[in-house]
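Examining the three-dimensional arrangement
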Amino acid sequence: MTHTLIRHNSFTLLLIMALAAALAPSDARAGNRHQDDKAGLCYRTTDAMKAACFADIVDDFNTAFANCLNTDNVRDCKREARTDYRDARAECRVQTAGRNDLCARLPDAGPYITEIDPANFKTPEETQFAGNRFFPLVIGTVSTYRNEEDNEDIVVTVTDRTRVIEGVTTIVVRDVVSVDGELIEDTDDYFAEDRDGNVWYFGEIAKNFEDGFLTDLEGSFIAGEDGAQAGIVMLANPMVGDVYRQEFALGDAEDAAEVLALDGDLSGDHFDCNNACLVTEDFIPTEPDATEFKYFIEGVGLVAEQLPDGDVVLELISIETP
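Note that the coordinates shown come from a computational prediction; the quantities given were computed from them, not determined experimentally. (Residues numbered from 1 in each chain as written. Predicted model: local features only at pLDDT ≥ 70, side-chain atom pairs only at ≥ 80, totals over all residues. Heavy atoms only, no water.)

The full count for this structure, using the stated rule, is four disulfides. Between the sulfur atoms of Cys42 and its disulfide mate Cys103 the distance is 1.9 Å. Where Cys42 bonds to Cys103 through sulfur, the torsion about that S-S bond is close to -85°, and the disulfide is left-handed. Taken together, the residues Cys42 in helix H2 (residues 41-68) and Cys103 in helix H3 (residues 74-105) connect sequence positions 61 residues apart. With a relative accessible area of 5%, Cys42 lands in the buried category. Residue class for Cys103 comes out buried when judged on its relative accessible area of 3%. The connectivity of the disulfide bonds within the chain can be written as 1-6, 2-5, 3-4, 7-8, using the sequence rank of each bonded cysteine. (Disulfide = S-S within 2.5 Å. Helix = DSSP H or I, 4+ residues; strand = E, 2+ residues; numbered from the N terminus. Buried < 20%, exposed > 50% of the residue type's maximum accessible area, 1.4 Å probe, protein only.)

See below:
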């Protein structure tokens, strides 16, 4: 028993040392990016999230170790706990690198602060007749998408429901996902368009299902709650090279996008870009494998999603408008 405690204490010391390393300034602090002014706050946010990530995995390891002491096979359990810890450390590093990469791609590395003035936003009624050309929010529109490879269907409905968030009356867009005919996700997304024509994303309530039962609300966030802020899902006048945050809820929702082209060309059974599609790269800094390219047709909206290897994983198969 004494030797077991010594080994655990030694490993715990290594965990503490790793945590101390995580709390130390990273290489991203080089140069002037991390001066006390606002210029480097994006990178400093990354450092803080790195520290939080390492602190979480140390806590998870110690909890796992405590559980191991109450199992029949302590040795194998502890070995698995250490493996999980090392894997989690690697994941923390991936997330840190991804967030720093986004900081480098954004127009500036300052803080992300959205100043929401309800007076600067259109009402849902105004949005119907003078909406964003690549992201129309016309009430009653039903768009159906298909992923043949995964036998996945997605039905997106612009409802007549609204929700007031941070004083802004947002339009509720319902997103229903099914695989093999089984409900997987039923989400309410909250959008509003400002008077310049930018479409803002104020959050979502994502209901995830398994075997017909609600399992969790993972991915949900509401701007103005728990540090979450709204992001821009579609610019009024997108230009090649524009990079922007689509949502901001650290650790839960950090999607971002870059405008790649205004003359993208792609066709499917039910759509054709004709060299006029807006193409964006949508990515999640903390999930490098989640990158995809989205194609938008003016007056229609999203028509396809494509992976970096060229595979089209989602395409519009029908659209019904009022």
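Moving on, we get to the side chain of Gln128. Its location among the elements puts Gln128 in helix H4 (residues 124-129). For Gln128, a relative accessible area of 18% translates into the label buried. A polar side-chain atom of Gln128 sits 3.0 Å from the main-chain carbonyl oxygen of Leu137. If we skip the residues at most four places from it in the chain, Gln128 touches Leu137, Val138, Ile139 and Ile171. (Polar contact = N/O pair within 3.5 Å; in protein donor to acceptor, adjacent residues only side chain to side chain. Contact = heavy atoms within 4.5 Å.)

What follows deals with a negative patch on the surface. Together, Glu149, Asp150, Asp309 and Asp311 give the surface a local cluster of negative charge. Position of Glu149 among the secondary structure elements: in the loop between strand E1 (142-147) and strand E2 (152-165). (Patch = residues over 30% accessible without salt bridge, like charges linked within 9 Å, V, L, I, M, F, W, Y side chains within 5 Å. Areas by Shrake-Rupley, 256 points an atom, 1.4 Å probe, with all protein chains shown as cover. Salt bridge = Lys/Arg side-chain N within 4 Å of Asp/Glu carboxyl O. Lys, Arg positive; Asp, Glu negative; His and termini not counted. Charge placed at Lys NZ, Arg CZ, Asp CG, Glu CD.)

Nothing here speaks to function; it is geometry throughout.
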